[in-house]
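Notes for the structure review
One-letter residues, chain by chain:
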Amino acid sequence: TASDGSRRIRVHTISAPITNNISAIFKSADLDTLINVTSKQSVTHCLTHSVESARQSLVYACVQMLYIYRKFCATNPAPGQLILPESLKLLPLYTLAMMKSKVLTADNGIVKTDERMYLMDRILSLSCADTTAFTYPRMIPLHSLGPEHGVVMANGEVAVPGSVSLSCEKLEAQGAYLVENGESMVVWVGRECPQSFIEQVFGIPGIPENESSRLILEPRGNALSAKVCTIVDHLRQQRPSCPAVTVVQQRDALEGVVMCYLVEDRQAHIVSYVDFLCHVHSQIQSKLT
């Protein structure tokens, strides 16, 4: 409605390239956009179907896309080989990660109904980058920060250590890791983490049994603490919300908070990443025959 009260229609015109070449479609596919769309479709699917049905639809979509690529785009593929397009080589991993997220997880023990509903609504409004981060969280080692890490550069950016795969095999008892998905942040501290690290970052000589959740991450007047806090603040600025930091210790009562993010491991009734790849491959093979 215009300022004078008259009704008007706004027309948006876009121009999008099209092609009849399937290989070109796969070559130009954007994984982040695909994950953003399929995650929102899964949430919408849950409105009229079960969560299990939404998980199955994700698997079907993943298998169908890779089957089409194998059938029409792959060149001389070996019969027993899983062929993945370069642009979508992480599609099975992100599909599995979405199935294990608190939005679609089969493990009702790690998410309450109201939290699941909140996250479903949240997914519908997330950008591509934020959906990707939520689907496959970052796990950043904090115990091996280099001189360049956690320092604000002239351009305002902060160097953050590279993330590691979301598997318990990557968690070292001597280390400490920050796991973040845009909605929550968890610092996991190994049982053999050096006392000097704990004292500098948390301000105490040791973590009391099952008391880690009471620890507060804040500047302690030393270089290591400043680096860790700078990294946390930098990551918060990249996200649409400002998640609080929860500290958990290895084998402590709250360790499950971190374990649910390790999507490459077997969880509840959902297989590990390696087993899921085998399942996807077998489904594609059955379609080919």
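None of these values were measured; they are calculated from a predicted model. (Residues numbered from 1 in each chain as written. Predicted model: local features only at pLDDT ≥ 70, side-chain atom pairs only at ≥ 80, totals over all residues. Heavy atoms only, no water.)

**Here we look at helix H4 (residues 91-100)**
For clarity, the cut-off: Exposed residues in this analysis have more than 50% of their type's maximum accessible area, buried residues have under 20%, and partly exposed residues fall in between, with area computed by a 1.4 Å probe over protein chains only. Counting from the N terminus, the helices are the DSSP runs of H or I reaching at least four residues and the strands are the DSSP runs of E reaching at least two. For this analysis, residues touch if any pair of their heavy atoms sits within 4.5 Å.
Counted residue by residue, H4 has 10 buried out of 10 residues, so it is predominantly covered. Residues of H4 that are buried make contact with helix H2 (31-46), helix H3 (51-72), helix H6 (128-135) and helix H10 (273-288).

**Comments concerning the packing of aromatic side chains**
Remark: the centre distance and the inter-plane angle together describe each pair of aromatic rings, the angle taken between the planes. The criterion, for reference: Any Phe, Tyr or Trp ring, taking Trp's six-membered ring, that has another such ring centre within 6.5 Å forms a pair; planes under 30 degrees apart are called stacked, those over 60 apart edge-to-face, and the others tilted. A ring is scored as having a charge over it whenever the NZ atom of a lysine or the CZ atom of an arginine sits within 6 Å of its centre and within 35 degrees of its normal.
Inspection of the entire model under this criterion finds three aromatic pairs. Ring plane angle 65 degrees and centroid distance 5.1 Å describe the contact between phenylalanine 26 and tyrosine 69, whose orientation is recorded as edge-to-face. With phenylalanine 26 in helix H1 (residues 22-27) and tyrosine 69 in helix H3, this pair connects stretches of sequence that are 43 residues apart. Residue phenylalanine 26 is classed as buried on the basis of its relative accessible area of 9%. The cationic tip of lysine 287 hangs over the ring face of tyrosine 67; the distance from NZ or CZ to the ring centre is 5.4 Å.

**A few points about the layout of surface pockets**
Over the atoms, a rolling probe the size of a water molecule traces out where space has been left empty. Going by this rule: Cavities and pockets are defined on a 1 Å grid built over the protein atoms alone: a cavity is a set of grid points where a 1.4 Å probe fits but cannot escape, while a pocket is an open set with protein on both sides within 12 Å along at least five of seven lines, and lining residues are those with an atom within 4 Å of any such point. Grid points are joined across faces, edges and corners, and a volume is the space filled by probe spheres set on the points. Three classes are used, and their members are as follows: Ala, Val, Leu, Ile, Met, Phe, Trp, Tyr, Cys and Pro are nonpolar, Asp, Glu, Lys and Arg are charged, and the others, Gly among them, are polar.
Taken as a whole, the largest pocket encloses approximately 290 Å³ of empty space. Residue assignment for the lining of the largest pocket shows that the elements contributing at least two residues are H4, helix H5 (113-123), H6 and strand E3 (185-189). No other element matches the three residues that H5 contributes to the lining of the largest pocket. Grouping the constituent residues of the lining of the largest pocket by class yields 11 nonpolar, five polar and four charged. Estimated volume of the second largest pocket: approximately 180 Å³. Glu52, Arg55, Gln56, Val59, Leu96, Met99, His269, Ile270, Val271, Phe276 and His279 are the residues that line the second largest pocket. Mapped onto the lining of the second largest pocket, the elements with two or more residues apiece are H3, H4 and H10.

**Points about empty space enclosed by the protein**
One pass over the full model with this rule turns up one cavity of 30 Å³ or more. The space that makes up the largest cavity amounts to roughly 60 Å³. In terms of lining residues, the largest cavity is bounded by Ile35, Thr38, Ser39, Leu58, Ala61, Cys62, Met65, Leu91, Tyr94, Thr95 and Met98. Every element with two or more residues in the lining of the largest cavity is listed here: H2, H3 and H4. In terms of residue class, the lining of the largest cavity is made up of eight nonpolar, three polar and no charged.

**Describing the side chain of asparagine 181**
Let me state the cut-off plainly: Polar contacts, as counted here, are pairs of nitrogen or oxygen atoms within 3.5 Å of one another; within protein the pair requires one atom able to donate a hydrogen and one able to accept it, and residues that are adjacent in sequence qualify only if both atoms are side-chain atoms.
Within the secondary structure, asparagine 181 sits in the loop between strand E2 (176-180) and E3. Residue class for asparagine 181 comes out buried when judged on its relative accessible area of 4%. Separated by 2.9 Å, the side chain of asparagine 181 and the backbone nitrogen of glutamate 183 make a polar contact. At 2.9 Å, the side chain of asparagine 181 and the backbone nitrogen of serine 184 are in polar contact.

**Some details on the packing of H2 against H4**
For any two helices packed against each other, the geometry is given by the interaxial angle and the distance between the axes. We apply this condition: Lines fitted to C-alpha atoms define the axes here, with helix axes fitted over just the stretch in contact, and angles between the N-to-C directions of these axes take values from 0 to 180 degrees. For classification, angles of less than 35 degrees are called roughly parallel, those exceeding 145 degrees roughly antiparallel, those between 65 and 115 degrees roughly perpendicular, and all remaining angles oblique. Note on convention: the crossing is left-handed when the near helix lies turned anticlockwise from the far helix by less than a right angle, right-handed when the turn is clockwise.
Between H2 and H4, whose axes approach to 11 Å, the crossing angle comes to 30 degrees. In terms of their interaxial angle, H2 and H4 are classed as roughly parallel. Helix-helix and strand crossings are classified by hand; for H2 and H4 the assignment is right-handed. On H4, the residues that touch Leu31, Leu34, Ile35 and Ser39 of H2 are Leu91, Tyr94 and Met98. Each residue belonging to the contact of H2 with H4 can be placed in one class, and the counts come to six nonpolar, one polar and no charged.

**Focus: the packing of H2 against H3**
Following both chains from N to C, one finds H2 and H3 inclined at 145 degrees, their axes separated by 8 Å at the closest point. As H2 packs across H3, the resulting crossing turns out to be right-handed. Residues Leu34, Thr38, Ser42, His45 and Cys46 of H2 form the contact with H3, whose own contacting residues are Val51, Ser53, Ala54, Ser57, Leu58 and Met65. The residue inventory of the contact of H2 with H3, partitioned by class, reads six nonpolar, five polar and no charged.

In short, shape yes, function no, at least from these values alone.
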